[in-house]
Amino acid sequence: AQTVTQSQPEMSVQEAETVTLSCTYDTSENNYYLFWYKQPPSRQMILVIRQEAYKQQNATENRFSVNFQKAAKSFSLKISDSQLGDTAMYFCAFMKQFTGNQFYFGTGTSLTVIP
Amino acid sequence: DTGVSQNPRHKITKRGQNVTFRCDPISEHNRLYWYRQTLGQGPEFLTYFQNEAQLEKSRLLSDRFSAERPKGSFSTLEIQRTEQGDSAMYLCASSSGLPGRQYFGPGTRLTVT
């Protein structure tokens, strides 16, 4: 079974600063995807960033980047130049690459950006 | 692209009643997912459709739950004989192409009294 753990229930960051959200996962699979999804207050969940496990290069999307450590089963999200619109719940998620479409989400980290 | 829509947005029902939720995915998306999310938790996978075929079901999906996707378009999730533990947000998502890039709907919040 796959599990995803987010050990930081709540975090805050000053506007324009950098923050890192942690995620660890447990799997016996070698081929999989990892994701960070964002759920703003009362709005739909959207994909922030996606990483394929076979790629050593860390994914980046504008102000968002990840630190993927496959051996350590760690997948942290770094948000640079934090903006007020980044305030949201952030969920780390796992999906096996070839043997199914089942997603496994962590419990989420509530991020507040302080003006 | 009008996004994923779900109806109703809120549903209050008495224990023991049946409820049905509808999800309309993005029109060209062939994959459709249902999740359940309770307060303070991440979404829990319930089931997955590729076109009209239901390919995966979670063990969470007891025999009181059934989902359909006739003709590979909209999907319905029915809960029979609702229990208070069924109170949650039910999320639908659809995707096509890039694995894992899911587009979520706003959810249906179910309250069982």
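What counts and what doesn't
Within each chain, residue numbers correspond to sequence positions counted from 1 in written order. Whichever chain is written first becomes A and whichever ligand is written first becomes 1, with later ones labelled in order. Reporting in this predicted model follows two pLDDT cut-offs: at least 70 for local features of residues, and 80 or more for side-chain atom pairs to be given and counted; totals over whole chains, interfaces and linings ignore these cut-offs and use all residues. Side-chain measures were taken over the full set of non-hydrogen atoms in the model, leaving aside hydrogen atoms and water. Whenever a pair of cysteine sulfur atoms sits within 2.5 Å, that pair is classed as a disulfide. Helix and strand assignments follow DSSP, with helices taken as H or I runs no shorter than four residues and strands as E runs no shorter than two, numbered in order from the N terminus. With a 1.4 Å probe rolled over the protein chains alone, any residue whose accessible area is under 20% of its type maximum counts as buried; one over 50% counts as exposed, and the rest are partly exposed. DSSP calls a pair of strands paired once it identifies at least 2 bridges connecting them. Of the grid points, spaced at 1 Å and generated over the protein atoms alone, those admitting a 1.4 Å probe that cannot get out make up cavities, while open sets with protein on both sides within 12 Å along at least five of seven lines make up pockets; any residue with an atom within 4 Å of a point is treated as lining. Grid points are joined across faces, edges and corners, and a volume is the space filled by probe spheres set on the points. All amino acids are sorted into three groups, where Ala, Val, Leu, Ile, Met, Phe, Trp, Tyr, Cys and Pro are nonpolar, Asp, Glu, Lys and Arg are charged, and the leftover types, Gly among them, are polar.

Draft legend 1. Seen up close, the state of the cysteines. According to the stated counting rule, one finds 2 disulfides over all chains in the structure shown. The residue that forms a disulfide with cysteine 23 of chain A is cysteine 92 of chain A, at a sulfur-sulfur distance of 2.0 Å. Here the S-S torsion is close to -70 degrees, and the disulfide linking cysteine 23 of chain A with cysteine 92 of chain A is therefore left-handed. One end of the pair, cysteine 23 of chain A, is in the loop between strand S3 (19-21) and strand S4 (24-26); the other, cysteine 92 of chain A, is in strand S10 (residues 88-96), and 69 residues separate them in sequence. Taken individually, cysteine 23 of chain A and cysteine 92 of chain A each receive the classification buried, so the pair is uniform in this respect. Between cysteine 23 of chain B and cysteine 92 of chain B runs a disulfide, and the two sulfur atoms are separated by 1.8 Å. Between cysteine 23 of chain B and cysteine 92 of chain B the disulfide shows an S-S torsion of about -65 degrees. By sign, it is left-handed. Of this pair, cysteine 23 of chain B sits in strand S3 (residues 19-24) while cysteine 92 of chain B sits in strand S9 (residues 88-95), placing them 69 residues apart in sequence.

Draft legend 2. Fine view of the pairing of strand S7 (residues 65-68) of chain B. Residue and element names in this part refer to chain B. The alternating pattern of S7 places Phe65 and Ala67 on a buried face and Ser66 and Glu68 on a face that is not buried. Examined bridge by bridge, S7 and strand S8 (residues 75-79) share 4 bridges and lie antiparallel to one another. Each residue of the ladder has a partner; that of glutamate 68, found in S8, is threonine 76. Linking S7 to S8, which pair antiparallel, is a turn of 6 residues; within it lysine 71 sits at a positive phi near 60 degrees.

Draft legend 3. Just the pairing of strand S4 (residues 31-37) of chain B, in detail. Residues and elements named next belong to chain B. With 7 of 7 residues buried, S4 is to be regarded as a mostly interior element. Every second residue of S4 is oriented toward a common face, with Arg31, Tyr33, Tyr35 and Gln37 on one face and Leu32, Trp34 and Arg36 on the other, all of them buried. Bridging between S4 and S9 involves 7 bridges; their strand directions are antiparallel. Following the sheet pairing, leucine 32 is matched in S9 by serine 94.

Draft legend 4. Structural context of unusual backbone geometry. Residue proline 8 of chain B is reached from asparagine 7 of chain B by a cis peptide bond, and omega for that bond is -10 degrees. The residue proline 8 of chain B is located in the loop between strand S1 (5-7) and strand S2 (10-13) in this model. Non-glycine residue serine 42 of chain A carries a positive phi angle of around 60 degrees. Within the fold, serine 42 of chain A resides in the loop between strand S5 (32-39) and strand S6 (46-52).

Draft legend 5. Up close: the layout of surface pockets. Each pocket or cavity is described by its volume, and for the largest pocket that value is around 540 Å³. If you go around the largest pocket, you meet 30 residues; those closest to its centre are Gln39 and Ser42 of chain A together with Gln37, Met89 and Arg109 of chain B. Elements represented by at least two residues in the lining of the largest pocket include exactly S10 and strand S12 (109-114) of chain A together with S9 of chain B. Taken together, the residues that form the lining of the largest pocket break down as 12 nonpolar, 15 polar and 3 charged.

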